[in-house]
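Spelled out from the first residue to the last, the chains are:
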Amino acid sequence: MVGGGHAGCEAALASARSGSSTALITLNLQRIAHLPCNCSIGGPAKGHLAREVDALGGAMALVTDRTLTHVRFVGTGKGPAVQTLRGHVDKDLYPLEMQKVLHQQPGLTLLEAAVDSVLIHADGSVKGLLMSDGTQVLSRAVVITTGTFLNGLMHCGSTKTDGGRFGEARSVGLSASLSNLGLKLGRFKTGTTPRIDLNTIALDMLEAVPSEACPPFSYLNDAGFEQIRVPDSRVNSRPLLPCWQTHTSTTTHQIIKDNLHLSAMYGGHIAGIGPRYCPSIEDKVVRFADKDSHPVFLEQETWDGSSLYVQGMSTSMPADVQIQFLRTLPGLENVRMMRPGYAVEYDMVFPDQLNRRLEVRNVPGLFLAGQINGTSGYEEAAAQGLVAGINAAQHARDGEGHFMLDRQGSYIGVLVDDLVTRGVTDPYRMLTSRAEYRLLLRHDNADVRLTPMAREAGLIDDLRWELFNARRLAVEAERERLHAIYALPRHNEALKRLGTASVGDNRQSMLTLMKRPELNYRRVCEIASALYPELPPAPEIPACAIEQLEIQVQYSGYIDRQGEQVLAASKLEKVAIPAGISFDQITSLSHEGKEKLSKIRPESLGQASRIPGIRPGDIQVLMIYIERKKRQEALTPVPASA
């Protein structure tokens, strides 16, 4: 594993957990799992990714719980499909906790070195890595997770500094090595915000945003299963911190407009393409010129330090301009800037050159994960790292990695499929709107969807498996109990007194009553006890099990409908495209279809149908061709010698 960011950590852990001898190589062991930008984990869609990484045995959610400083449930104004957690972590403690996890993982070695190039066998497969000092590290599989370090160049106004992030050197030779392997590289850009001193803020002028009472990120920390989970997995017990909200003004915007020519981006110093969904403050002022104000959140980066992250004000303006516009924000009139924001541009590899295992199609054994694939965000990186890590380990053991997640079953599947099938034109960010079946891909049920297949792949230890089964059995047992208790017509008056409508002339189970908007699990249990006082009281089951049961019951109609849609869509997903097929020889395919299919090399008709530019007619032609080939092969007699 090359690189010790969020992708590298999850890749190394997944590989080692599955039983493969694994090395993580990084430029600086002390900077493993560093958070170079914000201090946040989670948020819309990103929280789903973190939860799925946890359901697959990953470490991100667990380390987040251990270092949590602030947490809220987001998306609460919408349905359960988009609701998830967004937390802040201590930026000093998070890397230390992740490093502990890495050091404690059997089969994992950490090495501090600079990687110069990828070594290749004569047949084109991976041989290992060449270090900058001439040392060779031989392996059957390599995962590259270099983040923003490939030819990284930082910008603050007209000032340019070589580096992958603040205070750290860049990687130079590896880009040329990847290019020599035939990979097409691009140049992307990301940025970070100024850091300011909490002690110079007028907090009484700001709106405080306190932490909320929320469930943990990690399934290992589910309340109600204390008898199972290990003591050191518990959530940090320190009181959580607030963050604060302020806003920009027309004065802020005017200062930015007056100095726009000094911005590294607008001044022509940056060639890389920036993120569409996380624009700099300069971009916001230009692109949303009709808005007089933008929200800004001040987030505490550590428990005991005074550094605040200015969420919403990523910038590449000169430092003196940054302090000017910061002091126009309410409450920040006398602020001290501890460090200016900056932009960083870096080399990336266009991900449509990979297969769904995140393996380079033309270089067996070479896997890529994280920002090198054109994504943005810690969570997207961690998710890719886990997929690449387990597939690299399987490739190293038996020559073929095959751990694949489909887009119908996970946000990680959506992420990977989007990258390798549709490619990227700007830094990719996961959004809930990217998932067609997001009601099935909820925050609460990531374990139900993913933990069994992770167990089969060797990613889940006995502790996690025991917790998963305890949760599953708690939900199933209570579902069956409530299904067996009925409200009868003779209970109609009692039901009205208890605050709900009668059942008319037909009986209804307590499970059916829970679908009523005015009732939840607790109220249904109270009604059951009132109607049948002789029954044993409701069992004590964990809040996480109650949440899952309520959503299953209350949204059952919508869930069933999406399930039917998934079954219909999966028909195309199940039609495999032969690996060696020559699309140029299928005469009825459109010219564009031949070109796109030959480039992406889709593995199924479902994946082929999502390639931009592929027409429905091309899919029909391809389906007929595959069926004919199958019939021909079935009719071809097998030689007697075989």
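The coordinates are above.
Source: prediction; values computed, not measured. (Residues numbered from 1 in each chain as written. Predicted model: local features only at pLDDT ≥ 70, side-chain atom pairs only at ≥ 80, totals over all residues. Heavy atoms only, no water.)

## A look at the overall build of the chain
The helix and strand tally for the chain stands at 20 helices and 22 strands. For the chain, the C-alpha radius of gyration of 27 Å lies close to 26 Å, the compact-globule estimate for 642 residues. Counting the 642 residues in the chain, one finds 57% classified as buried. Looking at the chain alone, contacts between residues at least 24 apart form 72% of all its contacts between residues at least 6 apart. (Helix = DSSP H or I, 4+ residues; strand = E, 2+ residues; numbered from the N terminus. Rg over C-alpha atoms; globule rule 2.2 N^0.38 Å. Buried < 20%, exposed > 50% of the residue type's maximum accessible area, 1.4 Å probe, protein only. Contact = heavy atoms within 4.5 Å.)

## So, helix α4 (residues 93–104)
Compared with an ideal rise of 1.5 Å per residue, which puts twelve residues at 16 Å, α4 spans 17 Å between its outermost C-alpha atoms and is within 8% of the ideal. Every buried residue belonging to α4 is among Tyr94, Pro95, Glu97, Met98, Gln99, Val101 and Leu102, and all of these are buried. Buried residues in α4 make contact with α1 (6–17), α3 (60–66), β4 (84–89) and β5 (108–112). (Expected span 1.5 Å × (residues − 1).)

## Regarding the sheet that holds strand β12 (residues 185–191)
The strand order β11-β10-β19-β12 describes an open sheet built from four strands, whose pairing is antiparallel. Looking at strand neighbours, the two that pair on one side only are β11 (159–162) and β12, the edges of this open sheet. Geometrically, the sheet is characterised by an average inter-axis angle of 25 degrees between neighbouring strands, direction not taken into account. Examined bridge by bridge, strand β10 (residues 153–156) and strand β19 (residues 343–349) share three bridges and lie antiparallel to one another. When the sheet's bridge partners are listed, Met154 is paired in β19 with Val344. (Pairing = 2+ DSSP bridges. Axes fitted to C-alpha atoms, helices over the stretch in contact; angles between N-to-C directions.)

## Brief notes about the state of the cysteines
One pass over the structure, following the stated rule, counts zero disulfides. Unpaired in this structure, Cys156 has its nearest cysteine sulfur neighbour in Cys37, at a distance of 14 Å. Under the relative-accessibility criterion, Cys156 is labelled buried at 17%. (Disulfide = S-S within 2.5 Å.)

## What to know about the sheet that holds strand β7 (residues 126–131)
Strands sit in the order β6-β7-β8 across an open sheet of three strands; the sheet is antiparallel. Each edge of the open sheet is held by one strand with a lone partner, namely β6 (115–120) and β8 (136–138). Pairwise comparison of adjacent strand axes, ignoring direction, gives a mean angle of 25 degrees for this sheet. In terms of strand pairing, β7 meets β8 through three bridges, oriented antiparallel. Across the sheet, the residue bridging to Gly128 is Leu138, located in β8.

## Some thoughts on the packing of helix α6 (residues 250–258) against helix α8 (residues 319–326)
Contact geometry of α6 with α8 gives a least axis separation of 9 Å together with a crossing angle of 165 degrees. Judged by the angle between their axes, α6 and α8 are roughly antiparallel. Crossing handedness for the pair α6 and α8: right-handed. Between α6 and α8, the contacting residues are Thr252, Ile255 and Ile256 on the first element and Val321, Gln324 and Phe325 on the second. Residue classes in the contact of α6 with α8 are distributed as four nonpolar, two polar and no charged. (Parallel < 35°, antiparallel > 145°, perpendicular 65-115°, else oblique. Left-handed = near helix turned anticlockwise from the far one by under 90°. Nonpolar A, V, L, I, M, F, W, Y, C, P; charged D, E, K, R; others polar.)

## A word on the environment of Thr193
Within the secondary structure, Thr193 is located in the loop between β12 and β13 (195–197). In contact with Thr193, other than residues within four places in its own chain, are Tyr309, Val310, Met313, Ser314, Pro340 and Gly341. Among the polar contacts made by the side chain of Thr193, one reaches the main-chain amide nitrogen of Val310 at a distance of 3.4 Å. (Polar contact = N/O pair within 3.5 Å; in protein donor to acceptor, adjacent residues only side chain to side chain.)

## Some remarks on the pattern of salt bridges
Close approach of charged atoms allows side chains of opposite charge to pair. According to the stated counting rule, one finds 35 salt bridges in the structure shown. For the salt bridge of Arg66 with Glu97, the shortest nitrogen-to-oxygen distance reads 3.6 Å. Placement of Arg66 in helix α3 and of Glu97 in helix α4 is noted, with a sequence separation of 31 residues between them. Classification of Arg66 by relative accessible area gives buried; the value is 16%. In this structure, the salt-bridge partner of Arg357 is Glu603, at a minimum N-O distance of 3.5 Å. Taken together, the positions of Arg357 in the loop between β19 and β20 (366–368) and Glu603 in the loop between α18 (591–600) and α19 (605–609) put the pair 246 residues apart, joining distant regions of the chain. On the accessibility criterion, Arg357 (15% relative accessible area) is buried. Three or more residues joined by partner-sharing salt bridges are found here, namely Arg407, Asp417, Asp418, Arg422, Glu436, Glu573 and Arg610. (Salt bridge = Lys/Arg side-chain N within 4 Å of Asp/Glu carboxyl O.)

## Digging into the pairing of β11
Across four bridges, the pairing between β10 and β11 is antiparallel. Within β11, the position partnered with Met154 by the bridge is Thr161. Counting the residues between successive antiparallel strands, the hairpin from β10 to β11 contains two residues, one of them, Gly157, with a positive phi of roughly 65 degrees.

## Observations regarding the packing of aromatic side chains
A complete count under the given rule lists two aromatic pairs for this structure. Between Tyr555 and Tyr558, the ring centres sit 6.4 Å apart and the planes meet at 50 degrees, which makes this aromatic pair tilted. Residue classification places Tyr555 among the partly exposed positions, given a relative accessible area of 28%. Positioned over the ring face of Tyr219 is Arg51, at 3.8 Å from the centre of the ring. One Lys or Arg, Arg339, reaches over the ring of Phe166 and ends 4.3 Å from the middle of that ring. (Phe/Tyr/Trp six-rings, centres within 6.5 Å; stacked < 30°, edge-to-face > 60°. Lys NZ or Arg CZ within 6 Å of the ring centre and 35° of its normal.)

## Some details on the side chain of Thr146
Take Thr146: it is sitting in the loop between β9 (142–144) and β10. Of the residues examined, Thr146 reaches a relative accessible area of 9% and is grouped as buried. In contact with Thr146, other than residues within four places in its own chain, are Val2, Leu174 and Ile372.

## Observations regarding the nonpolar core
Note that soluble globular proteins tend to have their nonpolar side chains buried in a common cluster. If you look at the biggest cluster of nonpolar residues, it comprises 100 residues, and the most contacted ones within it are Met98, Ile144, Leu178, Leu366 and Ile412. Of the residues forming this core, the biggest block, nine residues, is contributed by helix α9 (residues 378–398). Those residues within four positions of Leu178 in sequence are excluded, and the remaining contacts are Val118, Ile144, Leu150, Leu183, Leu185, Val349, Leu366 and Ile372. (Core = buried A, V, L, I, M, F, W, Y, C linked by side-chain atoms within 4.5 Å.)

## Let's talk about unusual backbone geometry
One non-glycine residue, Ala33, lies in positive phi territory at about 65 degrees. Here Ala33 lies in the loop between β1 (22–26) and β2 (40–42). Assessed through its relative accessible area of 0%, Ala33 is described here as buried. One non-glycine residue, Leu358, adopts positive backbone phi at about 65 degrees. The topology assignment puts Leu358 in the loop between β19 and β20. Given a relative accessible area of 0%, Leu358 falls into the buried group.

That is the geometry; function is a separate question.
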